[in-house]
Amino acid sequence: MKLLIKNMVSLRCKMIVRAELERMGLHAIVVELGEVEISGELEAAQQDELRQALVKFGFELLEDKKSKLIEKIKNIVIEMVHYNEEAPMLNFSAYLSEKLDYDYNYLSNLFSEVKGTTIEHYIISHKIERAKELIMYNELTLTEIAEKLHYSSVAHLSNQFKKVTGLTPSFFKKMKHQRLIGRENL
């Protein structure tokens, strides 16, 4: 049986969900971002117990078709931006359509209707958050970050970064460095 779980967006989330399933005596075959496959079916009482256990950790067991589809879109974006090292072979709209077996226009309209933002803006916001993380780690150059996040150039990354944060990546990096120096002098 497949279950879709809202707000399951990191490796730590996967570990928490797996632990809860084990605690309940349920055998997880697959635990992915936002999706779990267990052997057998859940009885109504088990489903209620799982729903309550997940809520304690900020998760939600999804049941309606639209919510499940929105969560799948979000998880594909998160997987692509945060965990996938290589760019999809297709452009993202074709990749998403192929992965979910739905027309992209339908997915796009549904996502905008439910989330109040476009898929494109959702992707951009995740890419900028990932860029901020990578800048904070200070292990990669801006060129390497732009390549890792599949931007066509550093200028493209910088423009989007400034649009979203109001700061250039260089200024953001400098601010981080100044904060660290400030803490050292305390």
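Above this note sits the structure.
Residues numbered from 1 in each chain as written. Predicted model: local features only at pLDDT ≥ 70, side-chain atom pairs only at ≥ 80, totals over all residues. Heavy atoms only, no water.

Undergrad: Give me the environment of Val36: which residues, what numbers.
TA: Relative to the elements of secondary structure, Val36 occurs in strand S3 (residues 35-38). Once the C-alpha coordinates of Val36 and Asp64 are considered, the two residues, 28 residues apart in sequence, prove to be 16 Å apart. When residues no more than four places from it in sequence are discounted, the contact partners of Val36 are Met1, Lys2, Leu3, Ile5, Met8, Val17, Leu21, Val30 and Val31. (Helix = DSSP H or I, 4+ residues; strand = E, 2+ residues; numbered from the N terminus. Contact = heavy atoms within 4.5 Å.)

Undergrad: I'd love a proper account of helix H6 (residues 119-137), names of residues and values included.
TA: An ideal rise of 1.5 Å per residue puts 27 Å on 19 residues; H6 measures up with 27 Å between its terminal C-alpha atoms. Considered for burial, the residues of H6 that qualify are Ile119, Tyr122, Ile123, Ile124, His126, Lys127, Ile128, Arg130, Ala131, Leu134 and Ile135. Among the residues trailing H6, Asn138 stands out with phi positive, at a value near 60°. (Expected span 1.5 Å × (residues − 1). Buried < 20%, exposed > 50% of the residue type's maximum accessible area, 1.4 Å probe, protein only.)

Undergrad: Describe the nonpolar core, with residues and values.
TA: Ranked by size, the top nonpolar core spans 30 residues in total, and within it Ile73, Phe92, Leu96, Leu100, Ile119, Ile145 and Leu157 carry the most contacts. Every element with two or more residues in this core is listed here: helix H3 (65-83), helix H4 (92-100), helix H5 (104-115), H6, helix H7 (142-148) and helix H8 (154-165). Not counting chain neighbours up to four residues away, the residues in contact with Leu157 comprise Ile128, Ala131, Leu142, Ile145, Ala146 and Tyr151. The next biggest cluster of nonpolar side chains, apart from the first, holds 17 residues, and it includes Ile5, Cys13, Ala28 and Leu54. (Core = buried A, V, L, I, M, F, W, Y, C linked by side-chain atoms within 4.5 Å.)

Undergrad: Which residues make up unusual backbone geometry, and what values do they have?
TA: It is generally the case that most residues other than glycine have a negative phi and that most peptide bonds are trans. Even without a glycine there, the phi angle at Asn7 is positive, about 75°. Position of Asn7 among the secondary structure elements: in the loop between strand S1 (2-6) and helix H1 (11-23). Despite not being glycine, Asp101 has its phi angle at roughly 60°, a positive value. With respect to the helices and strands, Asp101 occurs in the loop between H4 and H5. Its relative accessible area of 69% is what places Asp101 among the exposed residues.

Undergrad: Go over H5, please, and point to the residues and values.
TA: For H5, spanning twelve residues, the distance from its first C-alpha to its last is 16 Å, which sits close to the expected 16 Å at 1.5 Å a residue. Within the sequence span of H5, burial applies to Leu107, Ser108, Leu110 and Phe111. Relative to the axis of H5, the buried residues are bounded by an arc of 165° and lie together on one face. The exposed set on the far side of H5, more than 90 degrees from its buried face, consists of Asn105, Asn109 and Glu113. If you follow the buried residues of H5, they end up packed against H3, H4 and H6. Backbone geometry just after H5 places Gly116 at a positive phi near 75°. (Arc of directions from axis to C-beta.)

Undergrad: Would you mind going over the sheet that holds S1 in detail, with residue names and values included?
TA: The antiparallel open sheet is built from four strands, whose spatial order is S2-S3-S1-S4. The open sheet terminates on both sides in strands that have one partner only, identified here as strand S2 (28-32) and strand S4 (60-62). Neighbour-to-neighbour, the strand axes of this sheet turn through a mean angle of 25°, independent of strand direction. Bridge analysis of S1 against S4 gives three bridges, and the strand direction is antiparallel. The residue of S4 that forms the bridge with Leu4 is Leu62. Contacting S1 and S4, helix H2 (residues 44-56) crosses the sheet at an angle of about 135° to S4. Contacts from H3 reach S1, S3 and S4, with the element oriented near 70° to S1. (Pairing = 2+ DSSP bridges. Axes fitted to C-alpha atoms, helices over the stretch in contact; angles between N-to-C directions.)

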